[in-house]
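So the chains spell out like this:
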Amino acid sequence: MKSMGILSECPVGLIGDDIEAVSSKVAKEMNIPIVPVRCEGFRGVSQSLGHHIANDTIRDHILGKGKLDRSTPYDVALIGDYNIGGDAWASRKMLEELGLRVIAQWTGDASINEMGIAHKAKLNLIHCYRSMNYICRHMEEQYGTPWTEFNFFGPTKIYQSLRKIASYFDDAIKENAEKMIEKYGPVMDEVVEQFKPRLAGKKVMLYVGGLRPRHTIGAYEDLGMEVIASGYEFGHSDDYKRTYPDMKEGAVIMDDATLYELEEFTRRLKPDMVGSGIKEKYTYHKLGVPFRQMHSWDYSGPYHGFDGFPVFARDMDMTVNSPTWDLVRRKK
Amino acid sequence: MGFSTEEKMKLMKIKDHNELFLEQEYVEQFERKKEFENCPTAAEVQKIAEWTKTEDYKEELCEEEHKDQSCKGLPASGCDLLRVRL
């Protein structure tokens, strides 16, 4: 065993258990880091404060304590990728093909050592800005590690991101980015060619968390779909600032919508599909509106990268064009 | 239009994660990642896995569990379940 976490839930917080003292005592006995995470469910107005607390906890207990035998000029850390359906693996594959060395993955398929060495990266690559910008900012201030956002959903954003990431490195990496775009471009074109005729013009409404309300817009647009509404469950103002440029004129942006509001938006905007979470899934089934869980990818995936886009396109096609919806009367 | 989802999957070679991540490229990637994990070797993991099947392990686990006397009188403790399984 390399480490252990003690995560407090609501009763622990209400009782006032001193998990920090227990962690400290047991850590000495067991000679491994025991990480107390004081993040009861009632903290904050949304889950966003939990992200911040988790980032701070990792900063205080784990970061800087890992072991890395050697460094290279191409070391990067993949931050804010939770490996849904293998997303982080698909992203890592691309970064390695680009010529980079991924020394850490946060936190999908991460190990305690990787989380302890991320500050040694030459560049932090952040996918989910909302949940992990805190640790990137800390590493920038404390260790001088620069960070940049990227988006591996859909070919348009992937090409932009590969070039953006490569711009931080030498010509060899820049050349690799172009080679990858040249290599995978025709495959992506084929995916678009196959699925666009079935999806073009379809309207999408999103209500999700983290990065998805804006990061997936480009992937839908690659397939000819239009995101007519997008909303965050726990977005901050900087998320909205990042979202406006990606939305078309007249599109609706929602913040912390209730289910009643979502239903009303759906009735008025009449989307061809809705992407949201498990809480909304069955409501939409009852409404007779094609629905895809966009937190868990409905247990599919990966959706990231060149390996993920064909899966994304297929899943959206299955969602929108499933004959099942013909059997369900859509409520007015 | 004009072709089924299955036909398209075949055409596009769309692989779900359970198939995709068994590809050699990914298997090698997982191996490379271990360099940063500071993880136990495969032999060490195997050694521990074998130990969990032994009488020694069973006794140690039961002894540990009975340190906490508050579990006495409960109908089926983890220890009892383990004993049944072993």
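A. Structural detail: the sheet that holds strand β3 (residues 75-81) of chain A. All names here are of chain A. Taken in spatial order, the four strands make up an open sheet running β4-β3-β5-β6, and their pairing is parallel. One side of each edge strand has no neighbouring strand; the edge strands of this open sheet are β4 (101-107) and β6 (147-149). For this sheet the average axis-to-axis angle between neighbouring strands, irrespective of direction, equals 25°. Where β3 meets β4, six bridges bridge the pair, whose relative direction is parallel. Note that in β4 the partner of D81 across the bridge is T107.

B. Highlighting the sheet that holds strand β11 (residues 291-293) of chain A. All names here are of chain A. Reading across the sheet, the five strands line up as β9-β8-β7-β10-β11 and stay open at both edges, with parallel pairing between neighbours. Across the chains shown, the open sheet's two edge strands, defined by having one partner strand only, are β9 (252-255) and β11. Here the average twist between neighbouring strands, direction ignored, is 15°. Pairing between strand β10 (residues 273-276) and β11: three bridges, direction parallel. Pairing of G275 across the sheet is with R292, part of β11. Across the sheet, helix α12 (residues 259-269) lies against β7 (203-208), β8 (226-232), β9 and β10, angled at about 170° from β7, the strand it touches most. Its contacts with the sheet place helix α14 (residues 305-321) against β10 and β11, and it is angled at close to 145° to β11.

C. Geometry of the domain arrangement of chain A. All names here are of chain A. Domain parsing of chain A yields domain 1 (4-61), domain 2 (75-180) and domain 3 (196-327). Spacing between the C-alpha centres of domain 2 and domain 3 amounts to 25 Å. With 22 residues of domain 2 in contact, the opposing surface of domain 3 contributes 21 residues. Of the residues that constitute the side of domain 2 that touches domain 3, the class distribution is 10 nonpolar, eight polar and four charged.

Procedures and definitions
Just so you know, the residues in each chain are numbered from 1, in the order the chain's sequence is written. Key to labels: chains lettered from A, ligands numbered from 1, both in the order written. Where local features are concerned, this predicted model is filtered to residues with pLDDT of at least 70; where side-chain atom pairs are given and counted, the filter is 80 or more; whole-chain, interface and lining totals use all residues. Note on pairing: two strands pair once DSSP finds at least 2 bridges between them. Strands are runs of DSSP state E lasting at least 2 residues, helices are runs of H or I lasting at least 4, and numbering of each runs from the N terminus. Angular values range over 0 to 180 degrees, each being the angle between N-to-C directions of two axes fitted as lines to C-alpha atoms, with helices fitted over their stretch in contact. C-beta atoms are placed from the backbone for every residue, and two residues are taken to be in contact when these atoms lie within 7 Å. As annotated, the domain borders come from an automatic or database domain assignment. Asp, Glu, Lys and Arg are counted as charged, while Ala, Val, Leu, Ile, Met, Phe, Trp, Tyr, Cys and Pro are counted as nonpolar; the rest, among them Gly, fall into the polar class.

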